[in-house]
Each structure stands twice: as structure tokens, then as C-alpha cells.
Amino acid sequence: MPYISDDAIFEQQKPARRLTQKLNTVDRSDFETIKKIVKELLGKSEDAFINPPFYCDYGFNIEVGKNFYANYNCTILDVAKVIIGDNCQIAPNVAIYTAGHPVHPDSRNSAYEYGISVTIGDNCWIGGNTVICPGVHIGNNVVIGAGSVVTKDIPDWSIAAGNPCRVLRKITEDDRKFYYKDRKFDEEAWANIVERGFSGKD
């Protein structure tokens, strides 16, 4: 529902502002302290790590799964819920927006704004300088290319990119042995992948 950002809203934001200030000024080599601050900021998380600087409005509206990683300069405007699955990686300068404003100037100048939730599935990689807009649902096992502006839902197992972001192709079993475009893992690396159970074979 639309709402006006009043004193009560600012009061709700104070804990996150204090914690992000703490996170963004901590010794960047003090990984244990960074993890503790992230845990306090996000609450429900397991092995989450954020490379500061990081910015959000509330923190308690962000839910991340296991092994969440966000690189430098991530911004999450969590007016509404932002739910991110397990094993997700976010590259530098990614922005996730649940907040928005009316299009018509009179409606916008009325001070009403809105928040619509964003969800990101398991095993997703969001490329650098991506913007994810309010209401977007990104499925499981998705790669979003760098510089994308995601305005619509992206289905499972997709590589998507562009402005506006669109599906380029599906991720298939053939992609498993490649680490970048047409570059295959060497024999030693692939043997290590197999040994550690990431080859897709029992």
C-alpha cells in the first residue's frame, strides 16, 4: 500500500543506519567483525558476508539464505521484503529497489511512495552494476549479466542481460565444464570439482 515516510518510519530506520555506519567504517581486514555486524543487521542469515560499503533502509526486511555474498557498494532499499535464496552472489555496485514513487508529478509531490517486494531464488549470480526494480521475481539458478536493469520476472535456469533485462538463453548441462564463455576447466580443476561433488554425478 502507498504510505508517507513520516517520523515513525525514520525511527524504524535508525538501527540499520547505525549498523551500516559501523559496517562501512570497520577495518576491512577484520572479517570476523564484518560477519558479526552483517548477522546483526540481517538477522536471519547463515554464513552471510558483505564487502562494505553497504547500504539499506531497515535491514529487518532483508532475508538471505545460506552462503550469501554481496560485493562492494551494494544498495538494498528494503521498504518491502527482499528475499534472497541460498548460495547467491552479488557483484559490485548492484542495487535492489523495492521503493518507488508515483509517475504523475502531483501524486508524487503528495509525498506518497510505495514498496513492492523483490525475490531472488537459489544459486543466482547478479552481475555488476545491475539494478533490480520493485516487484521483480528472479528464479533459481539464474545469471544476470553486468549492467542489466531488471524490470520483469526472470524464469529459472536463465542467462539474462540488458536494459531492459531479457532472457538470452537457458543454462544447460553443456555449460557445466566451462568457467567463462568457451574456456573449459583444465583437467586438474575439473578433477577437483568432481572430487568435491560439483560435477552433477553421484
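Structure: see above.
Basis of the calculations
Residues numbered from 1 in each chain as written. Predicted model: local features only at pLDDT ≥ 70, side-chain atom pairs only at ≥ 80, totals over all residues. Heavy atoms only, no water. Helix = DSSP H or I, 4+ residues; strand = E, 2+ residues; numbered from the N terminus. Pairing = 2+ DSSP bridges. Salt bridge = Lys/Arg side-chain N within 4 Å of Asp/Glu carboxyl O. Buried < 20%, exposed > 50% of the residue type's maximum accessible area, 1.4 Å probe, protein only. Contact = heavy atoms within 4.5 Å.

Draft legend 1. Main features of unusual backbone geometry. In this chain, P52 is followed by P53 through a cis amide linkage whose omega measures 10°. The linkage connecting N163 with the following residue, P164, adopts the cis geometry, with an omega of 0°. Phi at N93 is positive, roughly 65°, even though this residue is not glycine. Here N93 is to be found in the loop between β8 (89–90) and β9 (95–97).

Draft legend 2. Layout of the sheet that holds strand β1 (residues 3–4). Taken in spatial order, the three strands of this open sheet run β1-β11-β10, and their pairing is antiparallel. The two strands at the open ends of the sheet, each matched to only one other strand, are β1 and β10 (99–100). Two elements, β1 and strand β11 (residues 112–115), share two bridges in a ladder whose sense is antiparallel. Across the sheet, the residue bridging to Y3 is E113, located in β11.

Draft legend 3. Here's a closer look at the pattern of salt bridges. According to the stated counting rule, one finds four salt bridges in the structure shown. Its salt-bridge partner being K14, residue E11 comes within 3.3 Å of it at the nearest N-O pair. With a gap of three residues between them, E11 and K14 both fall in helix α1 (residues 7–25), about one helical turn apart. Take E11: its relative accessible area is 47%, and that puts it in the partly exposed class.

Draft legend 4. Representation of the environment of W125 in the model. Inspection of the secondary structure assignment puts W125 in strand β13 (residues 125–126). Look at W125 and you get partly exposed, because its relative accessible area is 47%. Along the backbone, W125 and Y69 are 56 residues apart, and their C-alpha atoms lie at a distance of 9.7 Å. When neighbours within four sequence positions are excluded, W125 is seen to be in contact with Q89, A91, V142, V143 and I144.

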